[in-house]
Structure formats: structure tokens, C-alpha cells
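Chain residues, written in single-letter form:
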Amino acid sequence: MNRCLSILLILLFVTCTWQTAFADSALVQYSVNGHYYQRFDTSRTWSNARTYCEGRGAHLATLTSQGENDFVYQNVGQQGWNIWLGGTDENSEGNWEWITGETWSYTNWGSGQPDNQSPGQDSLIFWGVAPGQWDDNGLPRGDFPETPFICEWEQQPLKPTTAVPTMGEWGMIIFMILAGLGSVYYLRRQRRA
Ligand SMILES: [Ca+2]
Ligand SMILES: [Ca+2]
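Worth saying up front: this structure is predicted, and the values here are computed from it rather than measured.

Asker: Got a minute to help me understand the overall build of the chain in this structure?
Answerer: The helix and strand tally for the chain stands at 4 helices and 8 strands. Split into buried and exposed, the 193 residues of the chain put 26% on the buried side. In the chain, of all internal contacts separated by at least 6 residues, the share reaching a separation of at least 24 is 65%.

Printed below as a string of C-alpha cells:
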């Protein structure tokens, strides 16, 4: 009985850890513009997230209409999470731009935002406390130095959209394998005793 319980607990632990590390959203397509979107849950700085999306032939999501904003939030957003989007005013304070150069006209700021909280916030984020609405965050203030983010592809992605594990995640994978091997060894010894 004890042995069954141990195995169940180990399996539960491994499953939970795995899901926490690799819980990226599914890839979804918005029928109105044909674009694809996916949320990646490996936390990155806004600039690293921007580079990461570009490396996958995408860009941080640019939400240029209420329809696109709502579709993306409902399908790949996550209630209560802060998630990077592809807008910035780093070039000129208060002049917000999409990183793609698309026209900045539709906005969906949360209450009191953008406030460029001292000493400044220059990156666009889905604001955890206001579902589907935006906040200016990131550097130089950096309340959320690293968060999950959403990439947008204008055409169907060529590369597989599975996240590439970071060093920390590789550490976790190795830890899980060692934990698994350790428990097998432990159970075998118990069986012999
Ligand atoms: Ca700013
Ligand atoms: Ca703000």
C-alpha cells in the first residue's frame, strides 16, 4: 500500500512540475486576419521575448482592434497573469508604437494606465488585475522584469511551436529524471528487504 502511495505521489509531483514548466498555450488562428498566436510561459524580459518571437518568424502580438484583442485574450491570455505584448514607447516617451510599424489607433488601457510609473515604464503588457486590458510596464522601472508573452505569426509557422527549454528548465528535467531513477532504486531496495 505504502509503495503504491509513493509511486502515485511521485507521478503527481512529476506531472505538476512538468505542466508548470511547459504549460504554453495552444497555437490558435484568428479567422478575421488569418494570423496565428501562441502564449509562451517561459518568463522573459520584454526585449528577450521580442527577440524570441522574431527567432520563430513571429513578433510579439500587436492587437490593433477590439476583435483581435478579445480573441487573443480569450484564447491565449490567462486570467490574473501579466503577459508581454508588442507595443512600446521606448523611442519617445508617451508616443506608443507597435513594433511592426502598424498604426497605433486602437487602445485598451486599464484604469489609470499608461502611467509611466517612476522612473518609467516603456513596454506593453496584458495587465493581470484588469482582464484583457493593458498596462505600461517593464523597464526602466521593471516591476515584472520577466513574464510570459504572446507571439503572433502572420502566416502559418514553419517551425514547430514547442518551447525550447531554458537552462533552468533543463535543470528541472535532469532533476525529474534523477528523482525518477532514485525512486525506482528505492522501491527495488524495499522490495528486496
Ligand atoms: Ca513610458
Ligand atoms: Ca503602468
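Read on for the rest.
Asker: Looking at this structure, I do not really get the nonpolar core. What am I missing?
Answerer: Counting 26 residues, the largest nonpolar core has L60, L85, I125, I150 and C151 as the members making the most contacts within it. The set of elements that each furnish at least two residues to this core consists of β2 (36–44), α2 (46–55), α3 (66–76), β4 (83–88), β6 (121–126) and β8 (147–153). Setting aside residues no more than four positions away along its own chain, I125 makes contact with N82, I83, W84, L85, W134, D135, N137, G138, F144 and T147.

Asker: Quick question: what am I supposed to make of the environment of Q29 here?
Answerer: Within the secondary structure, Q29 sits in strand β1 (residues 28–29). Taking the C-alpha atoms as reference, Q29 lies 9.3 Å from V72; in sequence the two are 43 residues apart. Aside from chain neighbours lying at most four places away, what touches Q29 is G34 and Y36.

Asker: Is there a simple way to explain the environment of C151 in this structure?
Answerer: Examined against the element boundaries, C151 turns out to sit in strand β8. The exposure class assigned to C151 is buried, which follows from the 28 C-beta atoms found within 10 Å. Separated by 99 residues in the primary sequence, C151 and Y52 place their C-alpha atoms 8.6 Å from one another. The contacts of C151, once residues within four sequence positions are left out, are Q38, F40, C53, R56, A58, L60 and A61.

Asker: Explanation requested: α2 in the structure shown.
Answerer: Along an α-helix, a turn takes 3.6 residues, which lines up residues three or four apart on a common side. By the burial criterion, the buried members of α2 are W46, A49, R50 and C53. For α2, the angular spread of buried residues about the axis comes to 105 degrees, placing them on one side. Pointing more than 90 degrees away from the buried face of α2 are the exposed residues T51 and G55. Taken together, the buried residues of α2 touch β2, β3 (59–60), β4, β6, β7 (134–140) and β8.

Rules and cut-offs
- Residues numbered from 1 in each chain as written.
- Chains lettered and ligands numbered in written order.
- Predicted model: local features only at pLDDT ≥ 70, side-chain atom pairs only at ≥ 80, totals over all residues.
- Helix = DSSP H or I, 4+ residues; strand = E, 2+ residues; numbered from the N terminus.
- Buried ≥ 20, exposed ≤ 12 C-beta atoms within 10 Å, placed from the backbone.
- Contact = placed C-beta atoms within 7 Å.
- Core = buried A, V, L, I, M, F, W, Y, C linked by C-beta atoms within 7 Å.
- Arc of directions from axis to C-beta.

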